[in-house]
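Read off the chains here:
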Amino acid sequence: ECSVSPLPSVLLLPLRLLSALESAADFPTKAEFDASAYTGFWYEIVKDRFNLYELRNSCTTAYYTLNDDGSVGVINHGYNPKKGYGGITGKAVPSNVSGSGSLVVEFFGEPDPNKPGNYNIVDTDYETFTIVYNCEDRNAKGVNYVYETFGILAREPELSDEQLESIQAIVKEKVPDYKYNLVTVKTKQGGDCEYEPTPVPTFLQ
């Protein structure tokens, strides 16, 4: 079953109809996660092709700010071919359940720190890249399925082939059961993309 590997706390979803044996098992999150260093502008470089909240989207970015109460402000922004540019604001708090590097993010209410994180930083160097993953075992009408989200984000709109290969190796080491080569695609960035962290009418939910 899906779960975050326990680590010492210091502080962009598809439905997959898979058997429990196929679900990604324990995966680590960033030890001694530094929320302040994580804040700022990130460009989505790679995503799970089945991320329901951003199907067909491009120029996708995330902007994080540190609030006075220790929570993290979230602004997701991107381009949809039917609706144009748009974004959504949310809030994240560290999870008391799944430990360091695991955040509970909510866009339509207050996040509950006593829930498992749904935004898990598998690894980041804060200055170049971050790997974000979530995996939940669910059941609908007697059918077990895996609910996953995945993204590689970077501080620049592009990563070199060498950088991306290095990051891919980290993903395969730390989340070995995630079908990276099968389900990921690159997010279009640069070119005619318009980058604006201030959100406009929402469509990314």
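These numbers were taken from a predicted model, which means no experiment stands behind them.

Enquirer: Where do I start with the nonpolar core in this structure?
Expert: Looking at soluble globular proteins, one finds that nonpolar side chains tend to be buried together. Judged by nonpolar contacts, the single largest core of 23 residues is most densely connected at Ile131, Tyr133, Phe150, Ile152 and Tyr178. Listing elements by their share of this core, those giving two or more residues are strand S4 (40-48), strand S10 (129-140), strand S11 (143-154), helix H2 (161-174) and helix H3 (180-183). Apart from residues lying up to four places away in sequence, Ile131 is in contact with Asn120, Ile121, Val122, Asp123, Phe150, Gly151, Ile167, Ile170 and Val171. The next biggest cluster of nonpolar side chains, apart from the first, holds 16 residues, and it includes Ala35, Ala62, Ile121 and Tyr126.

Enquirer: Help me understand the state of the cysteines in this model?
Expert: Put plainly, a disulfide is one covalent bond tying together the sulfur atoms of two cysteines. Evaluated as defined, the whole model comprises one disulfide. Across the disulfide from Cys59 sits Cys193; the S-S distance is 2.1 Å. Across the disulfide from Cys59 to Cys193, rotation about the S-S bond amounts to roughly -75 degrees, and the bridge is consequently left-handed. Here Cys59 is found in strand S5 (residues 58-66), whereas its partner Cys193 is found in the segment after strand S12 (184-186), with 134 residues between them in sequence. When sorted by exposure, Cys59 lands in the same class as Cys193, which is buried.

Enquirer: I'm lost on H2 in this one. Help?
Expert: Since there are 3.6 residues in each turn of an α-helix, residues three or four apart along the chain are aligned in direction. Taking 1.5 Å per residue, 14 residues should reach 20 Å; H2 reaches 20 Å between its end C-alpha atoms and fits that length. Every buried residue of H2 is listed here: Leu164, Ile167, Ile170 and Val171. The buried side chains of H2 occupy one side of the element, clustering within an arc of 115 degrees when seen end-on. Residues of H2 that are exposed and point over 90 degrees away from its buried face: Asp161, Glu162, Glu165 and Glu173. On its buried face, H2 is in contact with S4, strand S9 (119-124), S10, S11, H3 and S12.

Enquirer: Got a minute to help me understand the pairing of strand S8 (residues 102-106) in this structure?
Expert: Side-chain positions along a regular strand alternate between the two faces of the sheet. Within S8, four of the five residues are buried, leaving the element largely enclosed by the surrounding structure. Strand direction decides the pairing type here: strand S7 (residues 84-94) and S8, joined by four bridges, are antiparallel. Across the sheet, Lys91 pairs through a bridge with Glu106, a residue of S8.

Enquirer: Help me understand unusual backbone geometry, please; the structure alone is not making it clear to me.
Expert: Only a minority of non-glycine residues have a phi that is not negative, and only a minority of peptide bonds are not trans. Of note, the phi angle at Glu32 is positive, near 50 degrees, even though the residue is not glycine. The topology assignment puts Glu32 in the loop between strand S3 (26-27) and helix H1 (35-38).

Enquirer: Can you walk me through the confidence of the model for the chain in this structure?
Expert: Mean pLDDT for the chain: 84, with 82% of residues reaching 70 or above. For residues 6-25, every residue scores under 50 in pLDDT, and the model assigns this stretch 70 contacts once sequence neighbours within four places are set aside. Within the model, pLDDT remains below 50 along residues 200-205, and this stretch shows 27 contacts once partners closer than five positions in the same chain are excluded.

Enquirer: Mind showing me how you'd approach the packing of aromatic side chains here?
Expert: Any two aromatic rings considered together are summarised by their centre-to-centre distance and by the angle between their planes. Tallied over the entire structure, the rule returns 15 aromatic pairs. Their ring planes at 80 degrees and their centres at 6.5 Å tell us that Tyr38 and Tyr119 sit as a pair that is edge-to-face. Of this pair, Tyr38 sits in helix H1 while Tyr119 is found in strand S9, placing the two residues 81 residues apart along the sequence. The same class applies to Tyr38 and to Tyr119, which are both buried. Here the aromatic rings of Phe41 and Tyr43 are separated by 5.0 Å at their centres, their planes lie at 75 degrees, and the arrangement is edge-to-face. Note on accessibility: Phe41 and Tyr43 belong to one class, buried. Members of the aromatic cluster, connected to one another through ring pairs, are Phe33, Tyr38, Trp42, Tyr64, Tyr119 and Tyr126. Of note, Arg155 hangs over the ring of Trp42, and the distance from its end group to the ring centre comes to 3.8 Å.

Here is what the cut-offs are and how they apply
Residues numbered from 1 in each chain as written. Predicted model: local features only at pLDDT ≥ 70, side-chain atom pairs only at ≥ 80, totals over all residues. Heavy atoms only, no water. Core = buried A, V, L, I, M, F, W, Y, C linked by side-chain atoms within 4.5 Å. Buried < 20%, exposed > 50% of the residue type's maximum accessible area, 1.4 Å probe, protein only. Helix = DSSP H or I, 4+ residues; strand = E, 2+ residues; numbered from the N terminus. Contact = heavy atoms within 4.5 Å. Disulfide = S-S within 2.5 Å. Expected span 1.5 Å × (residues − 1). Arc of directions from axis to C-beta. Pairing = 2+ DSSP bridges. pLDDT = per-residue confidence, 0-100. Phe/Tyr/Trp six-rings, centres within 6.5 Å; stacked < 30°, edge-to-face > 60°. Lys NZ or Arg CZ within 6 Å of the ring centre and 35° of its normal.

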